[in-house]
Amino acid sequence: MESIAVKINGRGITTCPGRTILEVAEANGIRIPTLCHLKGLTDVGACRVCIVEVRGQFLTACTTGVADGMEILTDTEVVRAHRRTIVEMLFAEGNHVCSFCVSNGGCELQDLACEVGMQSVRIPYAYPRHRVDASHPRFLIDRDRCVLCGRCVRACGEIEGARTWDFAERGSGVRVITDLDVNWGQAETCTGCGKCVEVCPTGAIVRKGASNAEMGKNPEVVAQLAERRSHG
Amino acid sequence: MAKVRVATMWFSGCAGCHMSLLDIDEALIDLAARIDLRNSPLTDLKVFPEDGVDVTLIEGAVANEEHLRLVRTAREKSKIIIALGDCAVTGNVPALRNGLDADRMIESIYGSPTTSNGALPYDVVPQLLGRVSPLAELIPVDYFLHGCPPPAGLIAKTIFALLDGKTPELVGPDLKFG
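Definitions and cut-offs
- Residues numbered from 1 in each chain as written.
- Chains lettered and ligands numbered in written order.
- Predicted model: local features only at pLDDT ≥ 70, side-chain atom pairs only at ≥ 80, totals over all residues.
- Helix = DSSP H or I, 4+ residues; strand = E, 2+ residues; numbered from the N terminus.
- Rg over C-alpha atoms; globule rule 2.2 N^0.38 Å.
- Buried ≥ 20, exposed ≤ 12 C-beta atoms within 10 Å, placed from the backbone.
- Contact = placed C-beta atoms within 7 Å.
- Nonpolar A, V, L, I, M, F, W, Y, C, P; charged D, E, K, R; others polar.
- pLDDT = per-residue confidence, 0-100.
- Domains from an automatic or database assignment.
- Pairing = 2+ DSSP bridges.
- Axes fitted to C-alpha atoms, helices over the stretch in contact; angles between N-to-C directions.
- Expected span 1.5 Å × (residues − 1).

Colleague: Before we move on, could you go through the overall build of chain B and cite the residues and values that matter?
Modeller: If you tally the helices and strands in chain B, you get 6 helices and 7 strands. Here chain B has a C-alpha radius of gyration of 17 Å; the compact-globule value for 178 residues is 16 Å, and the two agree. Principal axes of the C-alpha set define a box for chain B whose edges measure 55 × 35 × 30 Å. In chain B, buried positions account for 38% of the 178 residues. For chain B, the share of sequence-separated contacts (at least 6 apart) that also reach a separation of at least 24 residues comes to 82%.

Colleague: Tell me about the interface of chain A and chain B, and please be specific about residues and values.
Modeller: Counting residues at the interface gives 17 residues for chain A, matched by 22 residues for chain B. In the side of chain A that touches chain B, the residues fall into 10 nonpolar, 6 polar and 1 charged.

Colleague: Requested: an account of the confidence of the model for chain B, with residues and values cited.
Modeller: Interpretation of this model should avoid reading the predicted coordinates in detail wherever pLDDT is low. On average, residues of chain B score 93 in pLDDT, and 96% of them are at 70 or above. The complex prediction reports pTM at 0.94, with the ipTM value standing at 0.92.

Colleague: Hey, could you go over the domain arrangement of chain A for me, with residue numbers and the actual values?
Modeller: All names here are of chain A. Domain boundaries in chain A define domain 1 (4-75) and domain 2 (84-231). Between the C-alpha centres of domain 1 and domain 2 there is a distance of 25 Å. On the domain 2 side, the residues contacting the 13 residues of domain 1 number 23 residues. Among the residues forming the side of domain 1 that touches domain 2, the class breakdown is 9 nonpolar, 2 polar and 2 charged.

Colleague: Let's hear about the pairing of strand S2 (residues 11-15) of chain A: which residues, and what values?
Modeller: Residue and element names in this part refer to chain A. Counting buried positions along S2 yields 0 of 5 residues, so the element is predominantly exposed. Of the strand pairs in this sheet, strand S1 (residues 4-8) and S2 are connected by 5 bridges, and their pairing is antiparallel. Directly across from Ile4, in S2, lies its bridge partner Thr15. Taking the residues between adjacent antiparallel strands as the criterion, S1 and S2 are bridged by 2 residues, where Asn9 takes a positive phi near 50 degrees.

Colleague: Tell me about the sheet that holds strand S5 (residues 78-84) of chain B, and please be specific about residues and values.
Modeller: All names here are of chain B. Spatial ordering of the open sheet is given by S2-S1-S3-S5-S7, a layout of 5 strands whose pairing is parallel. Because the sheet does not close on itself, it has two edges, and the strands there are strand S2 (35-37) and strand S7 (143-145). Strand after strand, the sheet turns through a mean of 25 degrees between neighbouring axes, direction not considered. Alignment of strand S1 (residues 4-10) against S2, held across 3 bridges, turns out to be parallel. The residue bridging Arg5 from the neighbouring strand is Asp36, located in S2. The strands touched by helix H3 (residues 65-77) within the sheet are S1, strand S3 (53-59) and S5, with S5 carrying the most contacts at an inclination of about 135 degrees. Contacting S1, S3, S5 and S7, helix H6 (residues 152-163) runs over the sheet at an angle of about 155 degrees to S7.

Colleague: Lay out the sheet that holds strand S7 (residues 139-142) of chain A in plain terms, naming residues and giving numbers.
Modeller: Across a sheet, strands are paired by hydrogen bonds formed along the backbone, either parallel or antiparallel in direction. Residue and element names in this part refer to chain A. Taken in spatial order, the 3 strands make up an open sheet running S6-S7-S10, and their pairing is antiparallel. Single-partner strands in this sheet number two, and they are strand S6 (132-133) and strand S10 (205-207). Summarising the sheet, S6 and S7 pair through 2 bridges and their orientation is antiparallel. By the bridge assignment, Val132 is partnered in S7 with Asp142.

Colleague: Could you give me a rundown of the pairing of strand S3 (residues 51-54) of chain A, with the residues and numbers involved?
Modeller: Residue and element names in this part refer to chain A. Note: S3 against strand S4 (residues 57-60), 4 bridges, orientation antiparallel. Each residue of the ladder has a partner; that of Val54, found in S4, is Gln57. Between S3 and S4, which follow one another and run antiparallel, lie 2 residues, and Arg55 among them has a positive phi close to 50 degrees. With 2 bridges connecting them, S3 and strand S5 (residues 71-73) associate as antiparallel partners. What sits directly across from Glu53, in S5, is Leu73.

Colleague: Help me get a handle on helix H2 (residues 77-92) of chain A, residues and values and all.
Modeller: The end-to-end C-alpha distance of H2 of chain A, which contains 16 residues, comes to 22 Å, matching closely the 22 Å that a straight helix rising 1.5 Å per residue would cover. Against the buried residues of H2 of chain A lie S3 and helix H3 (108-115) of chain A.

Colleague: Go over the environment of Leu175 of chain B, please, and point to the residues and values.
Modeller: Along the polypeptide, Leu175 of chain B turns up in the segment after H6. Sequence spacing of Leu175 of chain B and Leu42 of chain B is 133 residues, and the spatial spacing of their C-alpha atoms is 26 Å. Beyond its immediate chain neighbours, meaning those up to four positions away, Leu175 of chain B contacts Ala113, Cys114, Gly117 and Met118 of chain A together with His146 and Leu170 of chain B.

Here is the structure:
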């Protein structure tokens, strides 16, 4: 098997081509914060949180493949500053009010703010108006809390094979929809499997009946399913 | 040694952050010995001291004309401003009305025949701003205490660091909202 040499934060690492920067970093115990990435799903680089510096360029570690001689910096002051700004933008463009969220204390966005050292959001908050869809008998979506990571879209399409979830519109108007933008409860393709609930990193897609800070999720279920099927 | 002059303010918030400040228990005794508490909802001093203070802790978001006036006064007359809690830091619950029409909201809540004689009492109640703002959108803020409310330990750690002349280190779990 062909082997290549890369450097991450000055440390020499031998690996093989075809792997992403994120995979190589994780395999070598180097932490890169992520949000839209989820083991078991195709990486899309939607959230930009995993940016790293490669020869002055900022690339998403989850979608950039390693190449021989690549020198990768994951934790410089500039990378950290950009990453913090990206997380601030995620907060500014939604209504991520942690205090009364069902996922308070179990939210990947909330944890990310702590990890990147976000003191405050320096970008003016957009305070958008969104629609909550509680038409499904067991689940609901609060789009105020959606970060458009697309995990629901990918889990539904790639693992469940239902393709109920998708994106609609463009730019700041982008939102996730069910079927051809019908209420979730009327979406004929939805199997009610709940994978979208488990993979959603925030309190956007949740089980009904959960109160403040009561929502626990299990995003690893997707990787477990993918792993078992690979042996099939 | 001269005592450190401290003010606290309460804008659009539920007073939970002030409750959390009181929740530092026996540390309040040390604190009382080291600070001179000026203008605060916890005292009867209703006017911000003309000669200024060292530290002002502000709970709540800026939601009406009076908050807007006071937040500017506080900045002008305080060496250090601390945003105390999620409403002051992010807007939090009070900012949920952003995007709705403030006048129509007032009308629908207070303008019904059962609660009003027809006129809104703007002569005694400050006018709502069209948009609720976190402090840092209006004035420079020195430190941000996250949480709804910020844990008592976080408040104590920050205040005592400042009293000791150190820079408070707010990292990791200190930065948890909610």
